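As a plain string of letters, each chain reads:
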Amino acid sequence: MKKTVFFGALAATTLVAGLAGAATLDDVKARGELICGSNTGLTGFGAPDASGNWAGFDVDLCRAIAAVVLGDATKVKFVPTTGETRFTALQSGEVDVLVRNSTWTYSRDSELALDFVAVNYYDGQGFMVKKDLGVSSAKELDGATVCIQTGTTTELNLADFFKQNNISYQPVTVADDSEAQRQYLAGACDAYTTDASGLAASRATMPDAENHIILPEIISKEPLGPVVRHGDSQWGDVVRWTFYAMLIAEEKGVTSANVEEVLASTTDEEVKRLLGASGDMGAKMGLDNDAFKRAIAAVGNYGEVFSRNIGEGTTINLARGLNALWTQGGLQYAPPLR
Amino acid sequence: MAMATDVPKDSFRLSMLIYDTRYRSYTIQIVVLVLFAMAVAWLLNNTAQNLAARGKEFDFTFLWQRAGYDIGQQLIPYTNDSNHFRALLVGLLNTLAVAFWGCIFATILGVTIGVLRLSRNWLIGRLMTVYVELFRNIPLLLWILLTYVILSETTPQPRDFRVTDEMAAAGEAPAASMMIFDTVAVTNRGTNIPAPLFERGLGTLDLGFMSLNLTFWAILAVVVGSIWANRRLLAAARAQQEATGDRPVTWWKSILILFAPVIVMLVAMGFHLEIPELRGFNFAGGILVAHSFTALTVALSLYTAAFIAEIVRAGILAISRGQSEAAFALGLRPNRTMNLIILPQALRVIIPPLISQYLNLTKNTSLGIAVSYLDLRGTLGGITLNQTGRELECMLLMMLIYLTISLIISAVMNMYNKSVQLKAR
């Protein structure tokens, strides 16, 4: 027994040691499959659908990366991670990239030795309460019991917000979103707090969605984005530019439906570079020249992914808001592809 | 005449290390030891290298940084301005609280069930068998979740206790009301019980790294002193009984010694109860015993009691029937036989496996996170680990703490075991 455990630990350590130093891009290519750290289930962002296929806003970015690197958007294995396990899963090499509503913060960037390569959703922390509680502002929550997910930045924001406003609360620290929803719906907490997008996604799955309101206060900045391990810049570049390619595609009006058409008719040099018709953009990063074209053809541009998964008209029903392109008053802005 | 012949002394040859049975076992042990040491060294080296590769150093200074998060259930004062070490202590005390009450309840319940399972009453015996098989064959986590869900889904929300003006005018009663002379309120969040307060408390003594609640310790000292004095009184009475045959009347002296000092002290310090009342979203005042604590303690007690019951049953069955037959022959009734003859002997068999059950219960408290109970695993191994990113340090520290708790429980129980063992004189 003791011996088995010992050799198990030995093998595990060797595995980790082997992975830590290697170039992720080569690993993914050699494996023929991208391993993507995903949410355990947040409708609209990353959750398996009725037939077990993963779908969502974050999931589509993983699929785009797979299309860029491997040429096939279906070659992705999704590993569900909780708020607590996600960064360890990434650091230990269990996943290649983490796209899981993770907030970019100073200490995660420095202390945890992670790289946040882009921001695919600008979010902020909000509160959801039941309508019949009669509360219209988060500042009226004095003495309330608040459900909160452990292992997230929201714990710290919550403490700061209540302290700043000199009001008290009773925290109920829960392990994941589904348990938080259960406690909130059972009335074990008066309010549920997490990123506003997460609240909208949770509300969409509730049977009586119209009886819950999201309070107007946004108490923090939560830039959510894909994360890679520190020290593998090449892989970071691939993930970053896959995302930017989707942004540029939206800016230039390239969609999954018209990508071939645009490629044939365009006179725009940046579009040509994006789709691999001129220059050697893909090759510069160790990829095929039409890598980004494949991603756009497979999952669409940023706007398509947004409106398909979480945009107005879906059950989540989020406005573009800060996530509109910079040309439309939002914050989503890609550096030039040249 | 016999000749003493010397056994020819072979000089030592290297091959004897393998072929000579006198040396072979040493050879094998030394080789295995060296291999083991090398493997440990390799693992440590590997860890250090990997940490270095990630740019992480091994240090514990994060414990003195501001924690920044709040904890729902706390036995010592804690705010989000306290440091991570304070959060660790809060979690540790939460762990110990569950372990302490869990061990007590599990023992009481387990001994009762174990004895009852041997009952001659068919129904009681079978019911206890059902209990034991039901609880020990379903995973503990499910029991914890079930208890918690029952507590939080079947109890009223705090606002159900509210009496609005219209309801008062219409003479309607609220949907829920408080219990035990309106002092205890059970909501779907927890049980609000009255809190003891002192108008003229002794304050706290600040020792720098921690502060002592003098009122609490003073009361504890008086209670312990009273119990000690009472024992002296009883010992004196027994001595007199043995010397003269007459036992002096002690009951009123005992009551006086046990209760008078505490009551005088409580009155002197202005003791009163703070009754919880509904204010805003929740009950304010009093003490909130969260359902997470109740659920965890209840489920752990019920689960561990099933195992303790089996241990007790085994211990009782290990005592030969002759013992109880002899007791019956002397005219002792069954429950006196059990208390005076069987259990004291069975304890010798019961205690060693009972220690394991206490250790199990203590370690199983780490399942508390499933019901949002912030024990050591929830604070140090959960939020602190996540917010600081010091996995290795937090995990090692946590293992060390659990190890220490377990060893202390073991040591105490082993001491008790020694005291009930057969004394060979």
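Our structure is the block above this text.
The shown structure was predicted, so the numbers you read here are calculated from the model rather than taken from an experiment. (Residues numbered from 1 in each chain as written. Chains lettered and ligands numbered in written order. Predicted model: local features only at pLDDT ≥ 70, side-chain atom pairs only at ≥ 80, totals over all residues. Heavy atoms only, no water.)

**Q** It is not clear to me how the pairing of strand β11 (residues 191-195) of chain A should be interpreted in this structure. Could you clarify?
**A** In the case of a regular strand, side chains alternate between the two sheet surfaces. All names here are of chain A. Most of β11 sits inside the fold, with five of its five residues counted as buried. Summarising the sheet, strand β8 (residues 125-130) and β11 pair through five bridges and their orientation is antiparallel. Paired with M128 across the two strands is Y192, which belongs to β11. Examined bridge by bridge, strand β9 (residues 144-149) and β11 share three bridges and lie parallel to one another. By the bridge assignment, C147 is partnered in β11 with Y192. (Buried < 20%, exposed > 50% of the residue type's maximum accessible area, 1.4 Å probe, protein only. Helix = DSSP H or I, 4+ residues; strand = E, 2+ residues; numbered from the N terminus. Pairing = 2+ DSSP bridges.)

**Q** Could you clarify how one ought to interpret the interface of chain A and chain B in this entry?
**A** Where interface size is quoted, it is often the accessible area lost as the parts come together. At the interface, 48 residues of chain A touch 40 residues of chain B. Carbon and sulfur atoms supply 47% of the area that chain A and chain B bury against each other, a total of about 3,600 Å² over both sides. Interface area lost by chain A to chain B is led by E84, E111 and T173 of chain A, which between them contribute 14%. Remark: the boundary between chain A and chain B carries four salt bridges. Of the charged contacts, one joins R182 of chain A and E153 of chain B as a salt bridge, the two residues approaching to 2.6 Å between their closest N and O atoms. Linking chain A with chain B are 15 residue pairs in polar contact (both at pLDDT 80 or more), by the criterion used here. The dominant element in the side of chain A that touches chain B, judged by the number of residues it contributes, is helix α1 (residues 2-21) of chain A, at seven residues. In terms of residue class, the side of chain A that touches chain B is built from 20 nonpolar, 16 polar and twelve charged. (Contact = heavy atoms within 4.5 Å. Buried area = accessible area lost by both parts, 1.4 Å probe. Salt bridge = Lys/Arg side-chain N within 4 Å of Asp/Glu carboxyl O. Polar contact = N/O pair within 3.5 Å; in protein donor to acceptor, adjacent residues only side chain to side chain. Nonpolar A, V, L, I, M, F, W, Y, C, P; charged D, E, K, R; others polar.)

**Q** Whenever I open this one, the sheet that holds β9 of chain A confuses me. Can you help?
**A** Residue and element names in this part refer to chain A. Across the sheet, five strands lie side by side as β10-β9-β11-β8-β12; this open sheet has mixed pairing. Across the chains shown, the open sheet's two edge strands, defined by having one partner strand only, are β10 (169-174) and β12 (212-214). Taking the axes of each pair of neighbouring strands and ignoring which way they run, one obtains an average angle of 30° across the sheet. (Axes fitted to C-alpha atoms, helices over the stretch in contact; angles between N-to-C directions.)

**Q** In this structure, what is going on with the packing of helix α4 (residues 122-136) of chain B against helix α9 (residues 291-317) of chain B? I would like to understand it.
**A** Describing two packed helices takes the angle between their axes plus the distance from one axis to the other. Residue and element names in this part refer to chain B. Across the interface, α4 lies against α9 with an axial gap of 8 Å and an inter-helix angle of 125°. In terms of axis orientation, α4 runs oblique to α9. In terms of crossing hand, the pair formed by α4 and α9 is left-handed. Together, Y131, V132, F135 and R136 of α4 and L302, Y303, A305, A306, F307, A309 and E310 of α9 make up the contact between the two elements. Counted by class, the contact of α4 with α9 contains nine nonpolar, no polar and two charged residues. (Parallel < 35°, antiparallel > 145°, perpendicular 65-115°, else oblique. Left-handed = near helix turned anticlockwise from the far one by under 90°.)

**Q** It is not clear to me how the environment of V174 of chain A should be interpreted in this structure. Could you clarify?
**A** Positionally, V174 of chain A belongs in strand β10. For the pair V174 of chain A and S278 of chain A, spaced 104 residues apart in the sequence, the C-alpha separation amounts to 52 Å. In this structure, V174 of chain A is in contact with I148, Q149, T150, E179, A180 and Q183 of chain A together with S372 of chain B, ignoring residues within four places of it in sequence.

**Q** What am I meant to see in the pattern of salt bridges here?
**A** Oppositely charged side chains can pair when the atoms bearing their charge come close. Summed over all chains, the structure comprises 25 salt bridges over all chains. Here K163 of chain A ties to D81 of chain B by a salt bridge, and the two come within 2.7 Å at their closest N and O atoms. Pair noted here: K163 of chain A is in helix α6 (residues 154-164) and D81 of chain B is in the loop between α2 (21-53) and α3 (84-117), and the two residues belong to different chains. Judged by relative accessible area, which is 40%, K163 of chain A ranks as partly exposed.

**Q** What should I look at first to understand the state of the cysteines in this one?
**A** Here a disulfide denotes a covalent bond joining the sulfur atom of one cysteine to the sulfur atom of another. All names here are of chain A. All chains considered together, the criterion is met by two disulfides over all chains. With a sulfur-sulfur separation of 1.8 Å, C36 is cross-linked through a disulfide to C62. With C36 in strand β1 (residues 34-39) and C62 in helix α3 (residues 57-70), the pair connects residues that are 26 residues apart, well separated along the chain. Both residues of the pair, C36 and C62, count as buried. Across the disulfide from C147 sits C189; the S-S distance is 1.9 Å. Of note, the bridge from C147 to C189 carries an S-S torsion of about -85° and is left-handed in sense. Taken together, the residues C147 in strand β9 and C189 in the loop between α7 (177-186) and β11 connect sequence positions 42 residues apart. The pair C147 / C189 is uniform in exposure class, with both members buried. (Disulfide = S-S within 2.5 Å.)

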